[in-house]
Amino acid sequence: ISVDLCVQQTVQAEFVSLMNLILLLCAALVLLWIVYRIVRIVKCPVSGIPSPPVRNWVTGHLFAALNKNALQDFIEWVNTYGSTVYFRFFFAHRVLISDPADIKHVLVVNRDNYVKKDFIVYDVIAEVLGPGSILSEGDEELHQHYRKAIAPAFNPINLKKMAETFFIAEADKFISLWENKVGEWVDVEAD
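Residues numbered from 1 in each chain as written. Predicted model: local features only at pLDDT ≥ 70, side-chain atom pairs only at ≥ 80, totals over all residues. Heavy atoms only, no water.

Here we take up the overall build of the protein chain. For the protein chain, the count of helices and strands is seven helices and two strands. Listing the helices and strands of the protein chain from first to last along the sequence gives α-α-α-β-β-α-α-α-α. Residues counted as buried form 14% of the 191 residues belonging to the protein chain. Taking the contacts inside the protein chain whose residues are at least 6 apart along the sequence as the reference set, 40% of them involve residues at least 24 apart. Accessible surface, the protein chain as shown: approximately 15200 Å² in total, 67% of it carbon and sulfur. (Helix = DSSP H or I, 4+ residues; strand = E, 2+ residues; numbered from the N terminus. Buried < 20%, exposed > 50% of the residue type's maximum accessible area, 1.4 Å probe, protein only. Contact = heavy atoms within 4.5 Å. Areas by Shrake-Rupley, 256 points an atom, 1.4 Å probe, with all protein chains shown as cover.)

Have a look at this one:
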């Protein structure tokens, strides 16, 4: 009986030691995560950019971007926080820019300084569209190849046809719709 009791006490002691080790490891991981988050916030190059309040600490501003009024939310952010707004989806940090000079700086003047391939859905877009002009970042030769391939679609004759096909037909549709509402309040956004 004393041997069984000794073995049982040894097993209990080992179990307690293992549980203490697991608890200590979990505490260390939580502490490391907190330090990582603090360092990331302090060292984040966009941390000084104004940002709307985060709705959820895990998802960040994701649900604001997924709701049906996302465009209105983005416009409100720009009106409230200025032409450059910081937001995040999960742990992916993003910057919304709306000033034309800033957009030109990022997309044209210094485009090599701003990586777009790490965008959350980049791989999904690449899978759907395949390698092309939109996704040929960093490969100037490939970009020029695709640009030359689509250039004929944008010559003045084709643009005029496209305008007649899409824009004039749509404009005529709205004119006829609004002519029936002369003197009434028209919600242009709803139409």
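This part covers the pairing of strand 2 (residues 92–97). Summarising the sheet, strand 1 (residues 84–89) and strand 2 pair through six bridges and their orientation is antiparallel. Of the residues in strand 2, the one forming a bridge with F89 is A92. Linking strand 1 to strand 2, which pair antiparallel, is a turn of two residues; within it F90 sits at a positive phi near 55°. (Pairing = 2+ DSSP bridges.)

Counted under the stated rule, the structure contains one salt bridge. Between K173 and E170 there is a salt bridge; the shortest N-O distance is 3.4 Å. Of the two residues, K173 and E170 both sit in helix 7 (residues 156–179), three residues apart, roughly one turn of that helix. For E170, a relative accessible area of 38% translates into the label partly exposed. (Salt bridge = Lys/Arg side-chain N within 4 Å of Asp/Glu carboxyl O.)

Here a ring pair, both rings aromatic, is described through the centre-centre distance and the interplanar angle of the planes. With the rule as written, the count across this model stands at three aromatic pairs. Judged by centre distance (5.1 Å) and plane angle (65°), the rings of F74 and W77 are edge-to-face. Of the two residues, F74 and W77 both sit in helix 3 (residues 70–81), three residues apart, roughly one turn of that helix. Among the residues examined, W77 registers a relative accessible area of 7% and is labelled buried. On the basis of an interplanar angle of 45° and a centroid distance of 5.8 Å, the ring pair of W77 and F87 is categorised as tilted. Linking W77 in helix 3 with F87 in strand 1, this pair joins segments that are ten residues apart in sequence. Judged by its relative accessible area of 7%, F87 is buried. Among the aromatic residues, those joined into a cluster by ring pairs are F74, W77 and F87. If you follow K173 out to its NZ or CZ, it ends over the ring of F174, 5.7 Å from the centre. (Phe/Tyr/Trp six-rings, centres within 6.5 Å; stacked < 30°, edge-to-face > 60°. Lys NZ or Arg CZ within 6 Å of the ring centre and 35° of its normal.)

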